[in-house]
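The residues making up each chain are set out below.
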Amino acid sequence: MSNLVQVPYDATVKLMLVSLQRNLLPDAVIRRLTRLLLAGRLRSCFKPTAQQQLQDLLGFVQSLREMPIAVKTEDAKAQHYELPTSFFKLLSSLEDAEEAMLQLYCEKSQLQDGHTVLDVGCGWGSLSIYIAQKYSNCKVTGICNSVTQKAHIEDQYISTFEMEGSYDRIFSIEMFEHMKNYKDLLKKISNWMKTDGFLFVHYFCHKTYAYHFEDVSEEDWITRYFFSGGTMPSANLLLYFQDDVSVVHQWLLNGKHYAQTSEEWLKRMDENITSVKPIMESTYGKDSAVKWTVYWRTFFISVAELFGYNNGEEWMVAHYLFKKK
């Protein structure tokens, strides 16, 4: 983008963000702007030849190998994880859909009753609890400290965590997006796998492009407030990190399922807005409660638009099953 175009563009983005903070932008405008940003992302990632596209990906792979397991964000940018559990309980109305996905994890990982299970970066523990209830003879261990420290745990705790023991099945659900050096991470995890054990990984991704979430301009506000230090993997990215594990199988899931989930969370947030208000005030302070309520609504809209883009065939979910080498 030329400097002549960049100046008014940046000014427009700033104006839109100020309007957003004051709750002056209709949802239709937010959705349109989000789709424009997503189209811009696709243009910036596109390379004119297949060889250039491959070189770009290989360069990204090499850069990850030279980074720490996680980028340690000591600054308090992990706003995504500061809200109490009560906020997310207001939004969680997808019990049947979630249970179906949890069962899918178990089936794809070939989990058997009696296996020892490790849930790495277990979040609220929904998978650990599900396995413990459905497979009563499984011994389940989850690596996590608390909900509100989830970002801190994933970025710092797991990357330095050393543990004795080996497991039949290891699960990692939406943790790799917070990580960088997949070679070192998978080596660490492989040390926890039994000889005949499997690792099941679920991450969101783009079908072709891999990129870092970087806060380099005004329009990168989601990175700034919700995903600092994050990674958008490509669907095939982990195929380049088979130093200590080998891919047994890979699946891709259309992004529309994620989009529908985020739309439902937005709807539930609006339906429970009177309960949401005091949560926002206690978390962010009364002066910032409106701004952060808008930010969370916009986050859900943005996630829905991201995974719904191109009918769910751009950004999606990848599942991997690995065995130990």
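Residues numbered from 1 in each chain as written. Predicted model: local features only at pLDDT ≥ 70, side-chain atom pairs only at ≥ 80, totals over all residues. Heavy atoms only, no water.

Participant: Describe helix H12 (residues 289–308), and please don't skip the residues or the numbers.
Facilitator: Its 20 residues place the ends of H12 28 Å apart at the C-alpha level, agreeing with the 28 Å of an ideal helix rising 1.5 Å per residue. Count one or two residues on from H12 and you reach asparagine 310, which has phi positive near 55 degrees. (Helix = DSSP H or I, 4+ residues; strand = E, 2+ residues; numbered from the N terminus. Expected span 1.5 Å × (residues − 1).)

Participant: Summarise the sheet that holds strand E8 (residues 315–324); cite the residues concerned and give the values.
Facilitator: A sheet is described by the order of its strands in space; here six strands give the open sequence E2-E1-E3-E4-E8-E7, paired in mixed fashion. The open sheet is flanked by strand E2 (139–143) and strand E7 (245–253), the only strands paired with a single partner. On average, each strand axis in the sheet is inclined to that of its neighbour by 15 degrees, with strand direction left out of account. Here five bridges tie strand E1 (residues 116–120) to E2, and the two strands are oriented parallel to one another. Its bridge partner lying in E2, valine 117 is registered against valine 140. Packing against the sheet, helix H5 (residues 95–108) makes contact with strand E3 (167–173), strand E4 (193–206), E7 and E8, and its axis sits at approximately 35 degrees to E8. (Pairing = 2+ DSSP bridges. Axes fitted to C-alpha atoms, helices over the stretch in contact; angles between N-to-C directions. Contact = heavy atoms within 4.5 Å.)

Participant: Can you tell me about helix H2 (residues 27–45), naming the residues and giving the values?
Facilitator: Taking 1.5 Å of rise per residue, 19 residues should cover 27 Å, and H2 covers 27 Å from first to last C-alpha, within 8% of that figure. Within H2, the full set of buried residues consists of Ile30, Arg31, Thr34, Leu38, Ala39, Leu42 and Cys45. (Buried < 20%, exposed > 50% of the residue type's maximum accessible area, 1.4 Å probe, protein only.)

Participant: Report on the packing of H5 against helix H6 (residues 126–134), specifying residues and quantitative values.
Facilitator: In contact at an axis separation of 10 Å, H5 and H6 are set at 75 degrees when each is read in the N-to-C sense. Classed by the angle they form, the pair H5 and H6 counts as roughly perpendicular. Counting all contacts with H5, which are made through Glu98, Glu99, Leu102, Gln103, Tyr105 and Cys106, the residues of H6 involved are Ser126, Leu127, Tyr130, Ile131 and Lys134. When the residues that make up the contact of H5 with H6 are grouped by side-chain class, the tally is six nonpolar, two polar and three charged. (Parallel < 35°, antiparallel > 145°, perpendicular 65-115°, else oblique. Nonpolar A, V, L, I, M, F, W, Y, C, P; charged D, E, K, R; others polar.)

Participant: So what's going on with the packing of aromatic side chains? Residues and values would help.
Facilitator: Evaluation of the coordinates by the stated rule reveals 25 aromatic pairs. Following the ring pairs from residue to residue traces out a cluster consisting of Phe87, Phe88, Phe226, Trp265, Tyr284, Trp292, Tyr295, Trp296, Phe299 and Phe300. (Phe/Tyr/Trp six-rings, centres within 6.5 Å; stacked < 30°, edge-to-face > 60°.)

Participant: Any chance you could break down the side chain of threonine 223 for me, citing the residues and the numbers?
Facilitator: Tracing the backbone shows threonine 223 in helix H9 (residues 221–226). For threonine 223, the residues in contact, after removing those within four places along its chain, are Phe213, Glu214, Asp215 and Ser228.

Participant: Let's hear about the environment of aspartate 215: which residues, and what values?
Facilitator: Turning to its location among the elements, aspartate 215 is positioned in the loop between strand E5 (211–212) and H9. Assessed through its relative accessible area of 35%, aspartate 215 is described here as partly exposed. It is 9.5 Å that separates the C-alpha atoms of aspartate 215 and phenylalanine 227, two residues lying twelve residues apart in sequence.

Participant: I'd like a rundown of the nonpolar core, residues and numbers included.
Facilitator: Core analysis: the biggest nonpolar cluster contains 46 residues, and Phe87, Met280, Trp296 and Trp315 have the highest contact counts within it. Elements with a contribution of two residues or more to this core: helix H1 (3–21), H2, helix H4 (85–91), H9, helix H10 (256–271), helix H11 (273–284), H12 and E8. The element best represented in this core is H12, accounting for eleven residues. (Core = buried A, V, L, I, M, F, W, Y, C linked by side-chain atoms within 4.5 Å.)

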